[in-house]
Amino acid sequence: MKALILVGGFGTRLRPLTLTVPKPLVEFANKPMIMHQIEALVKAGVTEVVLAVNYRPEIMEKAMNKFASELKVNIHFSLESEPLGTAGPLALARDILAKDDSPFFVLNSDVICDFPFQDMVKFHNDHGGEGTILVTKVDDPSKYGVVVNRANSSVIDRFVEKPKEFISNKINAGLYIFNPKILNRIEPRPMSIEKEVFPDMAADGQIHAMDLPGFWMDVGQPKDFLTGTGLYLSSLAKKPQSPLTPGHHGNVLIDPSAKIGEHCKIGPNVTIGPNVVIGDGVRLQRTVVMEGAIIKDHAWLQSTIVGWHSTVGRWARLENVTVLGDDVHVADEVYVNGASVLPHKSVSSNIAEPTIVM
């Protein structure tokens, strides 16, 4: 089987982390975001993965070659000379996606969930239509485009953008499986699959919705990255052989190479990456600490992402979706409220209001 992952461009929503590495390589729960998707695809029998990118930094290509050999999967880059939206990349990769009659997956690269790809294949083959969209339920559908099914059927009747009145609480989860026939509907130009392809498929009765079991999150911006981390850790906690680190407060994932000081209170919803050093008496809650970072004694962090090789000083307090880029240094006893700090910067005085430190 084949799959196409819509990687896109520069990952501006996840800055300052994406100023250092391309978004798919940012570690989510101590593993590059895109690896969660590729590993799940390989388990479902996918042997060829196309990455649709607007630009191709060498760091991405090098990392992908390594993943390809580890997972025994062919990874192709499909490079767009201009951004082609969510449908155009399928036309660009037609040679690979249409080389046989088997269906192929399409994924948005920001999505994290339990990836029920094997169930999707069965559902798709059973209904015999041209496409399947995975849908997830949300509490407030008025912020999204919703999916409306035909009565007592998985066939999608229509799509309604940000409905004022309740008609459905199911939204497009950004994970699809299609027959190659869909490529006849797509041109090699900037094109939206949601607005220019799906409505026609619905009119033809050719697109079905499958309910996504479990959690779902688009983790393309910092606050959702933190929320998604919590949901993902909760999902791991339910697995028979959970990789979570016991002995902490709630769900916590700590790389074995990290060093944790005495009298710390860690959790819930915390991930700590390789070679991190946590001092004594540190408090971490709803926080991601990336590789090589140092959190000094008695620092207090909540709803914070600490980028690679950054340092947080003694008795510092960081909260409210503070994001430190690569190699940022926060001085002792400093308070940071919701700041986004660009790589290689130092913070030596309090930041009382959310701001960007450049």
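Residues numbered from 1 in each chain as written. Predicted model: local features only at pLDDT ≥ 70, side-chain atom pairs only at ≥ 80, totals over all residues. Heavy atoms only, no water.

Caption draft 1: Just the nonpolar core, in detail. Of all hydrophobic cores here, the largest spans 65 residues; its most connected members are Leu51, Met64, Phe105 and Phe225. When neighbours within four sequence positions are excluded, Met64 is seen to be in contact with Leu25, Ile34, Ile38, Leu51, Ile75 and Phe77. (Core = buried A, V, L, I, M, F, W, Y, C linked by side-chain atoms within 4.5 Å. Buried < 20%, exposed > 50% of the residue type's maximum accessible area, 1.4 Å probe, protein only. Contact = heavy atoms within 4.5 Å.)

Caption draft 2: Local environment of the environment of Ala293. Along the chain, Ala293 turns up in the loop between β19 (283-289) and β20 (294-295). In this structure Ala293 comes out as buried when scored by relative accessible area, which is 0%. Along the chain, Ala293 and Cys113 lie 180 residues apart, while their C-alpha atoms are 27 Å from each other. Leave out the neighbours within four places in its chain, and Ala293 touches Asn275, Val276, Val277, Val306, Gly307, His309 and Ser310. (Helix = DSSP H or I, 4+ residues; strand = E, 2+ residues; numbered from the N terminus.)

Caption draft 3: Representation of the pairing of strand β11 (residues 170-178) within the structure. Counting buried positions along β11 gives 9 out of 9 residues, so the element sits mostly inside the fold. Here strand β8 (residues 131-137) runs beside β11; their pairing, made up of 6 bridges, is antiparallel. Residue pairing for β11: Ile133 is matched across the bridge by Tyr176. (Pairing = 2+ DSSP bridges.)

Caption draft 4: A look at the sheet that holds strand β22 (residues 311-312). Spatially, β15-β18-β20-β22-β25-β28 is the arrangement adopted by the 6 strands of the open sheet, whose pairing is parallel. What marks the edges here is a single partner per strand, and that holds for β15 (259-260) and β28 (346-347). One ladder, built from 2 bridges, connects β20 with β22; its direction is parallel. Paired with Ile295 across the strands is Val312, a residue of β22.

Caption draft 5: Seen up close, helix α2 (residues 58-71). Helix length check: α2, at 14 residues, gives a terminal C-alpha distance of 20 Å against a target of 20 Å (1.5 Å per residue), a fit within 8%. Buried within α2 are the following residues: Met60, Ala63, Met64, Phe67, Ala68 and Leu71. Around the axis of α2, the buried residues are gathered within 140° of arc, so they sit on the same side. Summarising the geometry of α2, the exposed residues directed more than 90 degrees from the buried face are Glu58, Lys62 and Ser69. Turning to α2, the residues buried within the fold contact β1 (2-8), β3 (31-32), α1 (33-43), β4 (48-53) and β5 (74-79). Immediately beyond the C-terminal end of α2, within one or two residues, lies Lys72, with a positive phi of roughly 55°. (Expected span 1.5 Å × (residues − 1). Arc of directions from axis to C-beta.)

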